[in-house]
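Next come the chains, spelled out residue by residue.
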Amino acid sequence: MGGERRSDSMLLRAIEAGDSHAFEMLYRRYEPWLVARLSYRCPDPAIVDDVVQETFLAVWHGTARFRETPGSDGSAAGWLWRIGARRLVDVQRGHGARERLAQLLGRLRQRPAHPSAEDEALHGLPYGELADALARLPAELRDVLQATVVDGLSTAEAAKALRIPAGTVKTRAMRARRRLREELA
């Protein structure tokens, strides 16, 4: 089976034409390598696996295009690495902010009627102030922040989940951000 010897550029041209066998060959050729490289930057195997899958889906769906430069050997490794590395950075940036806000919102949901000594100690800290400001927001504004920031839903997805119009999601998100800025200033 001479197909195993096809160059990267030959495989990529075949993938653009919809050849699933070529896609499988490219995947088998580079998936272990990409997992290993991304693992050096992210210790979470689930995130690495998701990023690798998203990278190859971008190749298959044609949302990422390989451009062979004159004089190159047609290797797709650097190209796949750039796609994967960008996606990993996006996930890590979003994950950090969402995780911090999720923790704050989670504490708000579990807040007892009388604050604990820990809550009182945290009150003076910056995140404690943010938690207090979030607690003072009306529930409908907190719900929009939960859906759009913590859960990472788009405006349309949040509207569907919250059963409100998309315009209302945008307005509430804007009002929530404004109120938080005012309270934290």
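Cut-offs used in this document
Residues numbered from 1 in each chain as written. Predicted model: local features only at pLDDT ≥ 70, side-chain atom pairs only at ≥ 80, totals over all residues. Heavy atoms only, no water. Axes fitted to C-alpha atoms, helices over the stretch in contact; angles between N-to-C directions. Helix = DSSP H or I, 4+ residues; strand = E, 2+ residues; numbered from the N terminus. Parallel < 35°, antiparallel > 145°, perpendicular 65-115°, else oblique. Contact = heavy atoms within 4.5 Å. Nonpolar A, V, L, I, M, F, W, Y, C, P; charged D, E, K, R; others polar. Patch = residues over 30% accessible without salt bridge, like charges linked within 9 Å, V, L, I, M, F, W, Y side chains within 5 Å. Areas by Shrake-Rupley, 256 points an atom, 1.4 Å probe, with all protein chains shown as cover. Salt bridge = Lys/Arg side-chain N within 4 Å of Asp/Glu carboxyl O. Lys, Arg positive; Asp, Glu negative; His and termini not counted. Charge placed at Lys NZ, Arg CZ, Asp CG, Glu CD. Buried < 20%, exposed > 50% of the residue type's maximum accessible area, 1.4 Å probe, protein only. pLDDT = per-residue confidence, 0-100. Phe/Tyr/Trp six-rings, centres within 6.5 Å; stacked < 30°, edge-to-face > 60°.

### Some thoughts on the packing of helix 8 (residues 155-162) against helix 9 (residues 166-184)
The axes of two packed helices give the description: the angle between them and the distance between them. Look at helix 8 against helix 9: their axes get within 8 Å of each other, and the N-to-C directions meet at 105°. One way to sum up the angle between helix 8 and helix 9 is to call them roughly perpendicular. Residue-level contacts link Thr-155, Ala-158 and Ala-159 of helix 8 to Ala-166, Val-169 and Lys-170 of helix 9. Here the residues of the contact of helix 8 with helix 9 sort into four nonpolar, one polar and one charged.

### Some points on a positive patch on the surface
Together, Arg-175, Arg-177, Arg-178 and Arg-181 make up a positively charged patch on the protein surface. By secondary structure assignment, the location of Arg-181 is in helix 9. Take Arg-181: its relative accessible area is 55%, and that puts it in the exposed class.

### Remarks on the confidence of the model for the chain
Mean pLDDT over the chain works out to 78, with 72% of the residues at or above the 70 mark. The secondary-structure element of the chain with the lowest mean pLDDT is helix 5 (residues 117-122), recorded at 52, while helix 2 (residues 20-41) shows the highest, at 92. Low pLDDT (under 50) marks residues 70-74, which in the prediction has five contacts with non-local residues, meaning those over four places away or in another chain.

### A closer look at the packing of aromatic side chains
Evaluation of the coordinates by the stated rule reveals four aromatic pairs. Between Phe-23 and Phe-56 the ring centres are 6.3 Å apart and the planes differ by 75°, which places this aromatic pair in the edge-to-face class. You can see Phe-23 sitting in helix 2 and its partner Phe-56 sitting in helix 3 (residues 45-61), a full 33 residues away along the chain. The exposure classification of Phe-23 matches that of Phe-56, with both residues buried.

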